Amino acid sequence: MDFNAALFTQYLIIGIASGALIALIALGYTLVYGIVELINFAHGEVFMMGALFATTVVATVGVTNDSSGVAIVFMAIAALLASMLFSGLLNAGIDRVAYRRLRNAPKLAPLIAAIGISFILQNIAIYWKGSNPITPPSLIPTEYVRYNVLTEWFGLETRIRLRVLDLAVLGVTIPLLIGLTWFVYKTRTGKAMRATAQDRDAAALMGIDVNRTIAYAFLIGGALAGAAGMIAVYYNNSARFQMGFRYGLFAFTAAVLGGIGNLAGSVIGALCIGIVWSMSDGFMSQYIEGWGAGWTPAVIFAVLVLVMIFRPTGLLGEQTVDKV
Amino acid sequence: MADTAPTMLDVQDIHTYYGHIHALKGITLQVRKGEIVTLIGSNGAGKSTTLKTISGLLQPRQGEVSLDGRRLNGVPAHKIASLGVAQSPEGRRVFPRMSVLENLEMGAFSRGKADPDDLARVFDLFPRLKERASQKAGTMSGGEQQMLAIGRALMARPTLLLLDEPSMGLAPILVEQIFGIVRDINAQGTTVLLVEQNALMALAIAHRGYVLQTGQIVLADEANALAKNEMVRKAYLGEE
Ligand SMILES: Nc1ncnc2c1ncn2[C@@H]1O[C@H](COP(=O)(O)OP(=O)(O)OP(=O)(O)O)[C@@H](O)[C@H]1O
Ligand SMILES: [Mg+2]
């Protein structure tokens, strides 16, 4: 069978958008790991809670197909910021209540606490929104759902579809990534975070409030997950208490692939995982009989295992120079 | 040094533990404003533990530490740093993935922003740091990192400077230089508590000294008296 370039490009677009979304989640794993060496297994659930919260915000304020474009954009931004704040505070709250007490305990203790918290959050989610998938309240006008930017804006006659949603994902993710980089490298708190990640005692001797700085890492990591939650709800047009598992697994794999603790590595790892994901979900079935989306988690796990075997430090792991 | 200068640092009978290990078994010492005081003692005597207890990285289980009359027990390390106590820790502990300049800026964290005059002064004391300003600290040689650790502590413009083995890993000529610098810093008004393996050099620049042995102070005296003390000479100055 011939290589279908148009189809490949189509799945590449989806892969990049998914990768950008995963990057936002992966950064939360990496920020927290970089500073406290904890794999925050509850992070996927923090993302999920952000997603559910976004649906509540939009439903409460409410926009309809008749609302003006400005109102819709304003609503979307407000819901995004609200989810970010919600997940950020949730993550920092978890650190305050659970992980901080275990800071000097053996490494296994906070890890187990994280797993416990992820179950608690899933149960809260079931209590809150039920166990069935929910469809988010309408936000994007129906005519835009099938709108192809390539034909409408650029007049291209092509079967490749670039949706407003794909652009919106990048439009949210890229500024957040730039903002995060600026924050970590240029602000006082960001510098304190890097110093704390590199040597906690030395940071304290400089006058850095280590606990507060760690709380900021959780806050920011959680906020990025909240943004990802809001995006995911509308990208998939569905949300559920279990959604944190798959996204969390993919994002964690991305962070490990890029070299956990390394910010740029997480973004690169996430783009790789996003592309693998979309190719496995769609493109592969064109070529391999019986291939389907059901294989994707297995493929991602295989990536994780291969990284662990051949490059345990991840793609950018060795040049740890920019590790947080 | 005038014996009448007010006590800046007062350590009263502190006991510090690592889990069940009783590392400090009642340390009492004073540092008066303007002094250089040295703590000497063999490996594992508790010198670094004493400094860490003063700077708040460790909390004493018993006893009291006070600075200018203010009790420091229970005060976290970052607050003690903002009271004007800076430490150049054992093993240098520079931020490896930050540049030399960034490390120096972190030194001034508790003061808000790095003062260009302080930076100029540090570069003046250690021209090597100026040459390497943009190099990642982790890729510097051990001696260069030691200079950076001291420079970083000076960036806080401390009133009390805690130095843990500043001559460690330095070439002999640099050791001389470092001790000269410590004396200069002190002459410019910084009070210094100096931990050293190199007891001879430490006693040569210090006003007073304490000798530690397995978590206790066994001798305390004027530095020149300690340098003449037979036990000190045998145990720490390598004389038979
Ligand atoms: N993190 C730790 N955990 C357990 N015990 C420790 C720890 N740090 C130090 N100790 C113990 O406390 C005692 C005092 O150690 P400390 O580091 O204060 O000695 P020191 O006088 O600075 O020695 P050196 O000259 O080798 O630096 C030693 O017996 C040491 O083994
Ligand atoms: Mg020591």
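Residues numbered from 1 in each chain as written. Chains lettered and ligands numbered in written order. Predicted model: local features only at pLDDT ≥ 70, side-chain atom pairs only at ≥ 80, totals over all residues. Heavy atoms only, no water.

1. Here's the deal with the site of ligand 1
All names here are of chain B.
Here comes step 1: Inspection of the region around ligand 1 gives 14 residues, with Lys47, Ser48, Thr49, Glu90 and Gln197 positioned closest.
Here comes step 2: Within the side chain of Tyr18, a nitrogen or oxygen atom sits 3.5 Å from a nitrogen atom of ligand 1.
Here comes step 3: Ser48 has a polar side-chain atom sitting 2.7 Å from an oxygen atom of ligand 1.
Here comes step 4: Expressed as a share of its isolated accessible area of 630 Å², the protein-covered part of ligand 1 is 64%.
Here comes step 5: The biggest single contributor to the shell around ligand 1 is helix 1 (residues 47-55), with three residues. (Near = heavy atom within 4 Å. Polar contact = N/O pair within 3.5 Å; in protein donor to acceptor, adjacent residues only side chain to side chain. Areas by Shrake-Rupley, 256 points an atom, 1.4 Å probe, with all protein chains shown as cover. Helix = DSSP H or I, 4+ residues; strand = E, 2+ residues; numbered from the N terminus.)

2. So, the coordination of the magnesium ion (ligand 2)
Residue and element names in this part refer to chain B.
Here comes step 1: Coordination of the magnesium ion (ligand 2) by the protein involves Ser48 (OG), Glu90 (OE) and Glu90 (OE), with metal-donor separations of 1.9 to 2.8 Å. Placement of the pair is Ser48 in helix 1 and Glu90 in the loop between strand 6 (85-88) and helix 3 (100-107), with a sequence separation of 42 residues.
Here comes step 2: Look at Glu90 and you get partly exposed, because its relative accessible area is 35%. (Donors = N, O, S within 2.8 Å, 3.2 Å for Na, K, Ca; no water. Buried < 20%, exposed > 50% of the residue type's maximum accessible area, 1.4 Å probe, protein only.)

3. Description of the pairing of strand 3 (residues 36-41) of chain B
All names here are of chain B.
Here comes step 1: Burial of strand 3 is extensive: six of the six residues sit out of reach of the surface.
Here comes step 2: Side chains of strand 3 alternate between two faces, with Ile36, Thr38 and Ile40 and Val37, Leu39 and Gly41 buried alike.
Here comes step 3: Relative to strand 8 (residues 191-195), strand 3 runs parallel, the two being bridged by four bridges. Pairing of Thr38 across the sheet is with Leu194, part of strand 8.
Here comes step 4: Examined bridge by bridge, strand 3 and strand 9 (residues 208-213) share five bridges and lie parallel to one another. Within strand 9, the residue paired with Gly41 across the bridge is Leu212. (Pairing = 2+ DSSP bridges.)

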